[in-house]
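# Inside the fold
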Amino acid sequence: MKKTTRKSRRNSAPSSTKNLASFIFSFLLSLTLVVVAVFSVANHSLSKKYVVSKIDSDYLRMLSENVYNAAVDYTMPTGVDVSVLDGVFTEDTIREDVKSYVMNAFDDNSYEVDTSKIYASLKENVDAFLREQGIDPTAEDKAVDEYVKAICNIYKDRVKLPGLNYLPRLSNLLRSYFIYVIIAAAIFALVNAFLCVKLHSYLHRGLRYVVYSLSGAALMTFVAPFVAYMNGFYKNLQISPNYFNHFIVTYIESIFGQLFIWAGVFLVLSIISLLVVSTLRRGIARKKKRH
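This report concerns the structure included in the present document.

Reading the values: rules and limits
- Residues numbered from 1 in each chain as written.
- Predicted model: local features only at pLDDT ≥ 70, side-chain atom pairs only at ≥ 80, totals over all residues.
- Heavy atoms only, no water.
- Helix = DSSP H or I, 4+ residues; strand = E, 2+ residues; numbered from the N terminus.
- Buried < 20%, exposed > 50% of the residue type's maximum accessible area, 1.4 Å probe, protein only.
- Polar contact = N/O pair within 3.5 Å; in protein donor to acceptor, adjacent residues only side chain to side chain.
- Contact = heavy atoms within 4.5 Å.
- Phe/Tyr/Trp six-rings, centres within 6.5 Å; stacked < 30°, edge-to-face > 60°.
- Lys NZ or Arg CZ within 6 Å of the ring centre and 35° of its normal.

### Comments concerning the overall build of the protein chain
The helix and strand inventory of the protein chain stands at 9 helices and 0 strands. Along its sequence from the N terminus, the protein chain presents helices and strands in the succession α-α-α-α-α-α-α-α-α. Principal-axis analysis of the C-alpha atoms gives the protein chain an extent of 115 × 35 × 30 Å. Within the protein chain, buried positions represent 38% of all 291 residues.

This is the structure in C-alpha coordinates:
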(Lines give C-alpha, C1' and ligand atoms only; values in the text may rest on other atoms or scores of the structure.)
Protein backbone atom coordinates (compact mmCIF):
# COMPACT_ATOMS: atom_id res chain seq x y z
CA MET A 1 0.00 0.00 0.00
CA LYS A 2 2.83 2.41 0.87
CA LYS A 3 4.55 1.82 -2.48
CA THR A 4 1.29 2.48 -4.31
CA THR A 5 0.77 5.75 -2.41
CA ARG A 6 4.29 6.97 -3.19
CA LYS A 7 3.83 6.15 -6.85
CA SER A 8 0.49 7.95 -6.86
CA ARG A 9 2.06 11.07 -5.37
CA ARG A 10 4.88 11.00 -7.92
CA ASN A 11 2.32 10.79 -10.74
CA SER A 12 0.10 13.54 -9.36
CA ALA A 13 2.93 16.07 -9.01
CA PRO A 14 3.61 16.42 -12.77
CA SER A 15 -0.15 16.45 -13.41
CA SER A 16 -0.67 19.28 -10.90
CA THR A 17 2.19 21.24 -12.44
CA LYS A 18 0.71 20.82 -15.91
CA ASN A 19 -2.71 21.94 -14.71
CA LEU A 20 -1.25 25.01 -12.98
CA ALA A 21 0.77 25.93 -16.07
CA SER A 22 -2.31 25.39 -18.24
CA PHE A 23 -4.38 27.70 -16.03
CA ILE A 24 -1.68 30.38 -16.31
CA PHE A 25 -1.54 30.10 -20.10
CA SER A 26 -5.33 30.04 -20.19
CA PHE A 27 -5.54 33.23 -18.15
CA LEU A 28 -2.95 34.96 -20.38
CA LEU A 29 -4.91 33.87 -23.44
CA SER A 30 -8.09 35.27 -21.90
CA LEU A 31 -6.46 38.63 -21.20
CA THR A 32 -5.07 38.73 -24.74
CA LEU A 33 -8.52 38.17 -26.20
CA VAL A 34 -9.90 41.01 -24.08
CA VAL A 35 -7.09 43.30 -25.30
CA VAL A 36 -7.97 42.43 -28.91
CA ALA A 37 -11.64 43.21 -28.24
CA VAL A 38 -10.92 46.53 -26.50
CA PHE A 39 -8.45 47.73 -29.15
CA SER A 40 -10.82 46.72 -31.95
CA VAL A 41 -13.73 48.57 -30.34
CA ALA A 42 -11.56 51.65 -29.70
CA ASN A 43 -10.26 51.66 -33.28
CA HIS A 44 -13.78 51.37 -34.69
CA SER A 45 -15.29 53.93 -32.29
CA LEU A 46 -12.69 56.56 -33.14
CA SER A 47 -13.22 56.31 -36.88
CA LYS A 48 -14.63 59.23 -38.84
CA LYS A 49 -17.70 57.39 -40.11
CA TYR A 50 -18.53 56.06 -36.66
CA VAL A 51 -18.43 59.48 -35.00
CA VAL A 52 -20.64 60.87 -37.75
CA SER A 53 -23.10 58.00 -37.25
CA LYS A 54 -23.54 59.00 -33.58
CA ILE A 55 -24.87 62.42 -34.63
CA ASP A 56 -28.48 61.28 -34.55
CA SER A 57 -31.81 63.07 -34.96
CA ASP A 58 -32.04 63.83 -31.22
CA TYR A 59 -28.62 65.49 -31.31
CA LEU A 60 -29.64 67.59 -34.30
CA ARG A 61 -32.96 68.54 -32.69
CA MET A 62 -31.25 69.64 -29.45
CA LEU A 63 -28.59 71.53 -31.39
CA SER A 64 -31.25 73.24 -33.51
CA GLU A 65 -33.12 74.31 -30.35
CA ASN A 66 -29.90 75.57 -28.76
CA VAL A 67 -28.98 77.63 -31.83
CA TYR A 68 -32.48 79.07 -32.06
CA ASN A 69 -32.64 79.96 -28.35
CA ALA A 70 -29.22 81.63 -28.48
CA ALA A 71 -30.29 83.59 -31.54
CA VAL A 72 -33.51 84.65 -29.77
CA ASP A 73 -31.53 85.82 -26.72
CA TYR A 74 -29.34 87.93 -28.98
CA THR A 75 -32.27 89.25 -31.01
CA MET A 76 -34.61 90.40 -28.24
CA PRO A 77 -32.57 93.42 -27.02
CA THR A 78 -32.20 94.68 -30.63
CA GLY A 79 -35.89 95.43 -31.04
CA VAL A 80 -36.13 93.12 -34.04
CA ASP A 81 -39.00 90.65 -33.83
CA VAL A 82 -37.79 87.08 -33.22
CA SER A 83 -40.06 85.89 -36.03
CA VAL A 84 -37.22 86.84 -38.42
CA LEU A 85 -35.48 83.66 -37.24
CA ASP A 86 -38.28 81.39 -38.43
CA GLY A 87 -37.09 78.92 -41.07
CA VAL A 88 -33.52 80.21 -41.00
CA PHE A 89 -31.97 77.18 -39.26
CA THR A 90 -33.21 73.99 -40.90
CA GLU A 91 -32.33 70.54 -39.56
CA ASP A 92 -31.08 69.45 -42.96
CA THR A 93 -28.65 72.36 -43.12
CA ILE A 94 -27.47 71.72 -39.57
CA ARG A 95 -26.98 68.00 -40.32
CA GLU A 96 -24.84 68.71 -43.38
CA ASP A 97 -22.77 71.37 -41.63
CA VAL A 98 -22.12 69.21 -38.57
CA LYS A 99 -21.10 66.23 -40.69
CA SER A 100 -18.89 68.36 -42.91
CA TYR A 101 -17.20 69.82 -39.85
CA VAL A 102 -16.52 66.35 -38.39
CA MET A 103 -15.31 64.89 -41.70
CA ASN A 104 -12.90 67.76 -42.31
CA ALA A 105 -11.61 67.66 -38.74
CA PHE A 106 -10.71 63.97 -39.17
CA ASP A 107 -9.09 64.70 -42.54
CA ASP A 108 -7.05 67.44 -40.84
CA ASN A 109 -8.50 70.09 -43.14
CA SER A 110 -9.16 73.61 -41.98
CA TYR A 111 -12.89 74.10 -42.42
CA GLU A 112 -15.19 77.04 -42.02
CA VAL A 113 -18.94 76.48 -41.96
CA ASP A 114 -20.58 78.15 -44.95
CA THR A 115 -23.31 80.45 -43.62
CA SER A 116 -24.05 82.25 -46.86
CA LYS A 117 -27.55 80.71 -47.16
CA ILE A 118 -28.34 81.50 -43.51
CA TYR A 119 -27.05 85.04 -44.03
CA ALA A 120 -29.18 85.58 -47.14
CA SER A 121 -32.32 84.08 -45.57
CA LEU A 122 -32.00 86.03 -42.31
CA LYS A 123 -31.19 89.32 -44.05
CA GLU A 124 -34.22 88.92 -46.26
CA ASN A 125 -36.41 88.34 -43.18
CA VAL A 126 -34.96 91.34 -41.34
CA ASP A 127 -35.40 93.60 -44.39
CA ALA A 128 -39.02 92.46 -44.69
CA PHE A 129 -39.58 93.19 -40.99
CA LEU A 130 -38.14 96.70 -41.35
CA ARG A 131 -40.39 97.42 -44.32
CA GLU A 132 -43.40 96.34 -42.26
CA GLN A 133 -42.30 98.88 -39.65
CA GLY A 134 -42.08 101.57 -42.31
CA ILE A 135 -38.28 101.65 -42.20
CA ASP A 136 -36.11 101.71 -45.32
CA PRO A 137 -33.77 98.66 -45.03
CA THR A 138 -31.00 100.41 -46.97
CA ALA A 139 -30.83 103.08 -44.26
CA GLU A 140 -30.13 100.38 -41.64
CA ASP A 141 -27.94 98.23 -43.87
CA LYS A 142 -24.85 98.43 -41.63
CA ALA A 143 -26.76 97.56 -38.44
CA VAL A 144 -28.59 94.74 -40.21
CA ASP A 145 -25.29 93.38 -41.54
CA GLU A 146 -23.77 93.37 -38.05
CA TYR A 147 -26.83 91.66 -36.59
CA VAL A 148 -26.96 88.96 -39.27
CA LYS A 149 -23.22 88.29 -38.98
CA ALA A 150 -23.54 87.94 -35.20
CA ILE A 151 -26.30 85.34 -35.63
CA CYS A 152 -24.16 83.50 -38.19
CA ASN A 153 -21.28 83.43 -35.70
CA ILE A 154 -23.60 81.99 -33.04
CA TYR A 155 -24.51 79.28 -35.53
CA LYS A 156 -20.87 78.54 -36.39
CA ASP A 157 -19.83 78.24 -32.75
CA ARG A 158 -22.57 75.76 -31.91
CA VAL A 159 -22.23 73.59 -35.01
CA LYS A 160 -18.70 72.71 -33.94
CA LEU A 161 -18.70 69.50 -31.91
CA PRO A 162 -16.99 70.31 -28.56
CA GLY A 163 -13.73 68.46 -28.03
CA LEU A 164 -13.65 67.19 -31.60
CA ASN A 165 -10.00 68.19 -32.01
CA TYR A 166 -8.96 65.43 -29.62
CA LEU A 167 -10.78 62.57 -31.40
CA PRO A 168 -8.77 62.72 -34.66
CA ARG A 169 -5.53 62.83 -32.65
CA LEU A 170 -6.53 59.76 -30.64
CA SER A 171 -7.71 58.05 -33.82
CA ASN A 172 -4.42 58.67 -35.63
CA LEU A 173 -2.39 57.58 -32.61
CA LEU A 174 -4.37 54.37 -32.21
CA ARG A 175 -4.36 53.62 -35.92
CA SER A 176 -0.57 53.90 -36.06
CA TYR A 177 -0.18 51.16 -33.43
CA PHE A 178 -3.34 49.13 -34.02
CA ILE A 179 -2.03 46.63 -36.58
CA TYR A 180 1.11 45.94 -34.51
CA VAL A 181 -0.91 45.40 -31.34
CA ILE A 182 -3.33 43.04 -33.11
CA ILE A 183 -0.53 41.02 -34.75
CA ALA A 184 1.40 40.77 -31.47
CA ALA A 185 -1.77 39.81 -29.59
CA ALA A 186 -2.70 37.19 -32.22
CA ILE A 187 0.75 35.59 -32.02
CA PHE A 188 0.72 35.67 -28.21
CA ALA A 189 -2.78 34.16 -28.16
CA LEU A 190 -1.80 31.35 -30.53
CA VAL A 191 1.31 30.56 -28.47
CA ASN A 192 -0.73 30.34 -25.26
CA ALA A 193 -3.42 28.24 -26.92
CA PHE A 194 -0.74 25.93 -28.34
CA LEU A 195 0.92 25.54 -24.94
CA CYS A 196 -2.45 24.77 -23.30
CA VAL A 197 -2.95 21.92 -25.77
CA LYS A 198 0.68 20.74 -25.94
CA LEU A 199 0.96 20.23 -22.17
CA HIS A 200 -1.59 17.41 -22.28
CA SER A 201 -1.40 14.03 -23.91
CA TYR A 202 -5.04 14.19 -25.03
CA LEU A 203 -6.26 17.03 -27.25
CA HIS A 204 -9.58 17.44 -25.46
CA ARG A 205 -7.84 18.00 -22.11
CA GLY A 206 -5.80 20.85 -23.53
CA LEU A 207 -8.77 22.33 -25.33
CA ARG A 208 -10.62 22.56 -22.00
CA TYR A 209 -8.31 25.42 -21.05
CA VAL A 210 -9.05 27.17 -24.33
CA VAL A 211 -12.73 26.90 -23.37
CA TYR A 212 -11.88 28.47 -19.99
CA SER A 213 -10.06 31.30 -21.80
CA LEU A 214 -12.95 32.04 -24.13
CA SER A 215 -15.45 31.89 -21.26
CA GLY A 216 -13.25 34.19 -19.15
CA ALA A 217 -12.86 36.64 -22.03
CA ALA A 218 -16.64 36.65 -22.55
CA LEU A 219 -17.18 37.33 -18.86
CA MET A 220 -14.58 40.12 -18.62
CA THR A 221 -15.81 41.78 -21.81
CA PHE A 222 -19.39 41.70 -20.59
CA VAL A 223 -19.30 42.42 -16.84
CA ALA A 224 -17.51 45.80 -16.74
CA PRO A 225 -19.65 47.56 -19.40
CA PHE A 226 -22.81 45.89 -18.06
CA VAL A 227 -22.16 47.17 -14.52
CA ALA A 228 -21.41 50.65 -15.89
CA TYR A 229 -24.55 50.53 -18.05
CA MET A 230 -26.75 49.47 -15.15
CA ASN A 231 -25.17 52.08 -12.88
CA GLY A 232 -25.67 54.79 -15.51
CA PHE A 233 -23.18 57.18 -13.90
CA TYR A 234 -22.26 58.59 -17.33
CA LYS A 235 -25.86 59.81 -17.76
CA ASN A 236 -25.54 62.08 -14.73
CA LEU A 237 -22.44 63.99 -15.82
CA GLN A 238 -24.63 66.95 -16.86
CA ILE A 239 -22.20 68.10 -19.53
CA SER A 240 -23.08 71.38 -21.15
CA PRO A 241 -24.49 72.04 -23.69
CA ASN A 242 -27.25 69.43 -23.60
CA TYR A 243 -26.74 68.22 -27.17
CA PHE A 244 -23.10 67.41 -26.40
CA ASN A 245 -24.19 65.57 -23.25
CA HIS A 246 -26.57 63.53 -25.43
CA PHE A 247 -23.72 62.75 -27.85
CA ILE A 248 -21.45 61.55 -25.01
CA VAL A 249 -24.16 59.30 -23.54
CA THR A 250 -25.01 57.83 -26.96
CA TYR A 251 -21.33 57.38 -27.79
CA ILE A 252 -20.53 55.57 -24.52
CA GLU A 253 -23.56 53.29 -24.81
CA SER A 254 -22.61 52.38 -28.36
CA ILE A 255 -19.17 51.33 -27.10
CA PHE A 256 -20.85 49.16 -24.46
CA GLY A 257 -22.92 47.61 -27.24
CA GLN A 258 -19.81 46.69 -29.21
CA LEU A 259 -18.23 45.10 -26.14
CA PHE A 260 -21.43 43.09 -25.57
CA ILE A 261 -21.15 41.80 -29.15
CA TRP A 262 -17.54 40.74 -28.53
CA ALA A 263 -18.66 39.01 -25.33
CA GLY A 264 -21.31 37.17 -27.34
CA VAL A 265 -18.72 36.11 -29.94
CA PHE A 266 -16.41 34.77 -27.23
CA LEU A 267 -19.33 32.96 -25.60
CA VAL A 268 -20.38 31.31 -28.88
CA LEU A 269 -16.77 30.26 -29.55
CA SER A 270 -16.49 28.82 -26.05
CA ILE A 271 -19.69 26.79 -26.57
CA ILE A 272 -18.41 25.49 -29.93
CA SER A 273 -15.05 24.61 -28.32
CA LEU A 274 -16.86 22.86 -25.49
CA LEU A 275 -18.83 20.78 -27.99
CA VAL A 276 -15.56 19.86 -29.72
CA VAL A 277 -14.05 18.84 -26.37
CA SER A 278 -17.12 16.74 -25.56
CA THR A 279 -17.02 15.03 -28.98
CA LEU A 280 -13.30 14.22 -28.68
CA ARG A 281 -13.75 12.87 -25.16
CA ARG A 282 -16.62 10.61 -26.23
CA GLY A 283 -14.52 9.37 -29.15
CA ILE A 284 -11.66 8.41 -26.83
CA ALA A 285 -14.06 6.76 -24.39
CA ARG A 286 -15.50 4.62 -27.21
CA LYS A 287 -12.01 3.57 -28.32
CA LYS A 288 -11.12 2.52 -24.76
CA LYS A 289 -14.26 0.38 -24.53
CA ARG A 290 -13.36 -1.44 -27.72
CA HIS A 291 -9.97 -2.34 -26.28
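### Considerations on the side chain of S213
Position of S213 relative to the elements: it lies in helix α8 (residues 203-231). Take S213: its relative accessible area is 0%, and that puts it in the buried class. A polar atom in the side chain of S213 sits 2.7 Å from the backbone oxygen of S26. If we ignore the near neighbours within four places in the chain, the residues touching S213 are S26, L29, S30 and L33.

### Notes on the packing of aromatic side chains
Two aromatic rings, taken as a pair, are described by how far apart their centres are and by the angle between their planes. Under the counting rule described, the total for this entry stands at 15 aromatic pairs. Arranged with centres 5.7 Å apart and planes meeting at 85°, the rings of F233 and Y234 form a pair that is edge-to-face. The exposure class assigned to F233 is partly exposed, which follows from its relative accessible area of 45%. Here F244 and F247 contribute two aromatic rings whose centre-to-centre distance is 6.3 Å and whose plane-to-plane angle is 15°, an arrangement assigned as stacked. One end of the pair, F244, and the other, F247, are both in helix α9 (residues 242-290), 3 residues apart, so they sit about a helical turn from each other. Directly above the aromatic system of Y229 lies the positively charged group of K235, at a separation of 5.6 Å from the ring centroid.

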